[in-house]
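# Architecture at a glance
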Amino acid sequence: MGRKILNSFHWLGFSFLEPLVRLIRGEEPKKNGLIIFRKVIVPIASVLLFLGVCNYFAHYLYAVERERKIEKTLATQGEEAALAMQECIDSGDLSCKPNSLPSPGDVWNGAVTLIEDHKTISADKEAFREKTAGINAKRKAQGKEPITYTGRPSFVDQIMTSLETVFAGFLLAALLAIPAGIVLGLSETLRTALNWVIQIFKPVSPVVWLLLVSMVVKTILASADMDKSFVISFISVGLCSMWATLVNTAMGVSSVDKDYLNVSKVLRLGVFSNVFKVILPSSIPLIFTGLRITLSVAWMVLIAIELLAQSPGLGSFVWEEFQNGANDSNAKIIVAMFVIGGIGFALDRMMMLVQKAVSYESRA
Amino acid sequence: MEIVTDTKVMLECKDLTKAYPTPTGDFVVLEDFQLQVKEEEFISIIGHSGCGKSTLLTMVAGLNEITAGQVLLDEVPINGAGPDRAVVFQSPSLFPWMTALENVMIGVKQVFPHATKAQRNDICKYYLSKVGLADAFHKKAIDLSQGMKQRVGIARAFALKPKVLLLDEPFGMLDSMTRVELQDVLIDVWSKEKITAIMVTHDVDEAIFLSDRVIMMTSGPYAKVGDVAHIKLKRPRERHTVVEHPNFYKYRQHLLTFLDH
Ligand SMILES: Nc1ncnc2c1ncn2[C@@H]1O[C@H](COP(=O)(O)OP(=O)(O)OP(=O)(O)O)[C@@H](O)[C@H]1O
Ligand SMILES: [Mg+2]
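Heads up: these notes are all about the structure in this document. The shown structure was predicted, so the numbers you read here are calculated from the model rather than taken from an experiment.

Rules used throughout
- Residues numbered from 1 in each chain as written.
- Chains lettered and ligands numbered in written order.
- Predicted model: local features only at pLDDT ≥ 70, side-chain atom pairs only at ≥ 80, totals over all residues.
- Heavy atoms only, no water.
- Pairing = 2+ DSSP bridges.
- Helix = DSSP H or I, 4+ residues; strand = E, 2+ residues; numbered from the N terminus.
- Contact = heavy atoms within 4.5 Å.
- Axes fitted to C-alpha atoms, helices over the stretch in contact; angles between N-to-C directions.
- Core = buried A, V, L, I, M, F, W, Y, C linked by side-chain atoms within 4.5 Å.
- Buried < 20%, exposed > 50% of the residue type's maximum accessible area, 1.4 Å probe, protein only.
- Domains from an automatic or database assignment.
- Buried area = accessible area lost by both parts, 1.4 Å probe.
- Salt bridge = Lys/Arg side-chain N within 4 Å of Asp/Glu carboxyl O.
- Polar contact = N/O pair within 3.5 Å; in protein donor to acceptor, adjacent residues only side chain to side chain.
- Parallel < 35°, antiparallel > 145°, perpendicular 65-115°, else oblique.
- Left-handed = near helix turned anticlockwise from the far one by under 90°.

## Digging into the sheet that holds strand β5 (residues 76-77) of chain B
Residues and elements named next belong to chain B. The strand order β2-β1-β4-β5 describes an open sheet built from 4 strands, whose pairing is antiparallel. Only two strands of the sheet have a single partner each, and these edge strands are β2 (25-38) and β5. For strand β1 (residues 9-22) and strand β4 (residues 68-73), the ladder comprises 5 bridges, and the chain directions are antiparallel. What sits directly across from Cys13, in β4, is Val71. Relative to β1, helix α1 (residues 53-61) is tilted by about 115°, and along the sheet it contacts β1, β2 and β4.

## A look at the nonpolar core
Ranked by internal contacts, the top residues of the largest apolar core, which has 154 residues, are A:Trp299, B:Phe158 and B:Leu186. The element contributing the most residues to this core is helix α11 (residues 271-309) of chain A, with 15 residues. Among the domains, domain 2 (102-152) and domain 3 (153-363) of chain A are the pair contributing at least three residues each to this core. Setting aside its immediate chain neighbours within four residues, B:Leu186 contacts B:Phe42, B:Ile154, B:Phe158, B:Leu167, B:Phe171, B:Met199 and B:Leu210. Counting 6 residues, the second largest nonpolar core, distinct from the first, contains A:Ile70, A:Met85, A:Ile89 and A:Cys96.

## A closer look at the interface of chain B and chain A
Contact with chain B, which involves 25 residues of that partner, is made by 17 residues of chain A. Taken together, both faces of the contact between chain B and chain A bury some 1,900 Å²; the carbon and sulfur share is 69%. Here chain B and chain A share 0 salt bridges between them. Along the contact surface separating chain B from chain A lie 6 residue pairs in polar contact (both at pLDDT 80 or more).

## Some points on the sheet that holds strand β6 (residues 85-88) of chain B
Residues and elements named next belong to chain B. Taking strand neighbours across the sheet as the criterion, the 6 strands line up as β6-β7-β8-β3-β9-β10 in an open arrangement whose pairing is mixed. Edge positions in the sheet fall to β6 and β10 (225-230), since each of these pairs with one other strand and no more. With direction set aside, neighbouring strand axes in the sheet form an average angle of 20°. Of the strand pairs in this sheet, strand β3 (residues 42-46) and strand β9 (residues 213-217) are connected by 4 bridges, and their pairing is parallel. Within β9, the position partnered with Ile46 by the bridge is Met216.

## Section: the packing of helix α12 (residues 314-324) of chain A against helix α13 (residues 329-358) of chain A
Geometry of a packed helix pair, given as the angle between the helix axes and the separation of the axes. All names here are of chain A. At a closest axis distance of 9 Å, the pairing of α12 and α13 adopts a crossing angle of 165°. Between α12 and α13, the interaxial angle falls into the category roughly antiparallel. Like other packed secondary-structure pairs, α12 and α13 cross with a definite hand, here left-handed. The segment α12 lies against α13, with Leu314, Phe317, Val318, Glu321, Phe322 and Asn324 engaging Ser329, Lys332, Ile333, Ala336, Val339 and Ile340.

## Examining the pairing of β1(B)
Residue and element names in this part refer to chain B. Judged from the 10 bridges that link them, β1 and β2 form a sheet pairing that is antiparallel. Considered in β2, the bridge of Cys13 is made with Leu35. Counting the residues that bridge the hairpin from β1 to β2 gives 2 residues.

Next up, the structure:
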């Protein structure tokens, strides 16, 4: 039982919880105590320290901004207006709050607002669905398009859109890069001949990919009735992120252990068996390492691409908040930052699990 | 060169030459190498490190290009590698993502394409049991010990029903206990199948215990057959009777004297 728990921790990458369980079970208290200190207490302390520093810095910037605002009013509108402004700021009135780096408390409030906002919008959507259910059923019977909700998406909706886009892009990258990598890996001629493509396109910035893709997509889908910005952003994400998988697959396929290939020759395996039973299985670990890099690159470039492509998602959320400049916009941007970081981390962990599950090497 | 007349010649190397191109000109490992192996004969090849034993064996296997000369298998020149010349490599070279059974099966499928699934299964299980792996059919190759892996390697080779079995220091990576165990396994399976075998080894005792003939190669470059010892110990052989046989030390002395030069 205890073993099982520990094993599952290990698999999930929560091995830092292991000593805690051991300590509770009374195993080697001194050693496990030290491990807990190192892996649990110190990290928690570092989080608190981080929050403290942020808080201090935020308050410092706030004070600077406040001073500047009052001075500006003094210079332009006179002493009375400046005094009024000072009073207004110190009373905590949101309308005259100086716009600076939000403190951890502001960020927390921003997160709460976003969740409240999501609840309101969800309720609104639900109400809309109920209201239009009858009409939509009728429209469907008449063969017309149903009426859809066109209100503002909530923060959670934006997250879901971003996840959809990143998965579509990742899938595209995998579908392009793995077969291409296999072909390149098998043929030394092609590998040498096409090396320039990889070398040139790999370092191209996501922004340029976006422009390139939109040039093409705009023409091809000019009349098609679909969400062009989604198509453009997921294709750009795919093209940006596929290179790691392509390179790794080609490398895995071209560097299969010579002994395996000799066995395959002795057995006179056909081309199909040789590729699917020998070459691919032996390159699986490298391919999945590539896929893991691809997914993290995809997530990283996605935000920038959404921001530029004006396609819905976390990227455009951040951009809109920045443009919007409401007094809690900065806090919301920081919330988005942590959400982006957290999701990136979760995606990476997920890929790590898959990688462990398919790898024949790391079993012990 | 030896003239063998009484039984059919299964494998013949005729004027076999191997030169590896190097920046400073060709490096000739073997030149005009001659060898005949009779059907059901077990021969060993010994010689100093780097004299070209592996080169010879891989050329016979079809895994290494022949510079000049011929390898005849059953009087037909070989063309590339094939399952009629099964190889047991020094490193077991099992596919680690497959089970022991699957590792044998992949070859059996190639050699017996018309057999039913059940028949193929029986063949694989028969040979795996023969090498002592009756309870490890479904273990992943990666989870097997080095000795067990090499057992699978032996089962895989015999299951191909080859005309010739090629072994390149098959027990070189094993500890001496396991090595002795596996020599017994090999001689046991071999005595039932009587497949023509060529084994490269560094171990003089192993060569005497297993072979009918030990070929001693001169040091390269331009390696040739330097001397031949006929091991006339009757089969089936038992380890302790072989060691106690008065001729055993004569053979041993013969081989060691050659290697000392
Ligand atoms: N691919 C190659 N290119 C150039 N030279 C090679 C190549 N392979 C082997 N040689 C050389 O050919 C000679 C014979 O090598 P080989 O591996 O056949 O020796 P060996 O008798 O099997 O040695 P060992 O007992 O150490 O296994 C060596 O001198 C080696 O350096
Ligand atoms: Mg060798």
